[in-house]
Amino acid sequence: MPDYKAMYYHLAGRMATAIDALEATTNALVDITEKLKLAQQSTEEMFISSPDDNEDSLDNISE
């Protein structure tokens, strides 16, 4: 007769390891995403708040 108890423990252990790895990866991705958003937002603020010395030259580029 197959040892279902051993198979279950094996499966449960492997699943727990996989879930731990997935959670670690997910948390890392959330952290990286937040850092990228902050970098984008701070750069946009720098761009918006800086004086526009080249306004005329930018208008010529878009035409």
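What counts, and where the lines are drawn
- Residues numbered from 1 in each chain as written.
- Predicted model: local features only at pLDDT ≥ 70, side-chain atom pairs only at ≥ 80, totals over all residues.
- Heavy atoms only, no water.
- Helix = DSSP H or I, 4+ residues; strand = E, 2+ residues; numbered from the N terminus.
- Buried < 20%, exposed > 50% of the residue type's maximum accessible area, 1.4 Å probe, protein only.
- Areas by Shrake-Rupley, 256 points an atom, 1.4 Å probe, with all protein chains shown as cover.
- Patch = residues over 30% accessible without salt bridge, like charges linked within 9 Å, V, L, I, M, F, W, Y side chains within 5 Å.
- Salt bridge = Lys/Arg side-chain N within 4 Å of Asp/Glu carboxyl O.

Novice: Give a detailed account of the overall build of the protein chain, specifying residues and quantitative values.
Specialist: Scanning the protein chain for helices and strands turns up 2 helices and 0 strands. In the protein chain, which comprises 63 residues, the proportion classed as buried is 0%. When the accessible area of the protein chain is evaluated, it comes to approximately 6100 Å², of which 61% is carbon and sulfur surface.

Novice: So what's going on with a nonpolar patch on the surface? Which residues, and what values?
Specialist: A surface patch of nonpolar side chains, about 440 Å² in accessible area, is lined by Met-1, Tyr-4 and Met-7. Within the secondary structure, Met-7 sits in helix α1 (residues 4–49). Classification of Met-7 by relative accessible area gives partly exposed; the value is 42%.

Novice: So what's going on with the pattern of salt bridges? Residues and values would help.
Specialist: Tallied over the full model, the rule gives 2 salt bridges. A salt bridge links Lys-35 to Asp-31, with the nearest nitrogen and oxygen atoms 3.5 Å apart. Here the residue Lys-35 and the residue Asp-31 both occupy positions in helix α1, the gap between them amounting to 4 residues, near one helical turn. Take Lys-35: its relative accessible area is 55%, and that puts it in the exposed class.

Honestly, that's just the spatial picture; any functional story needs more than this.
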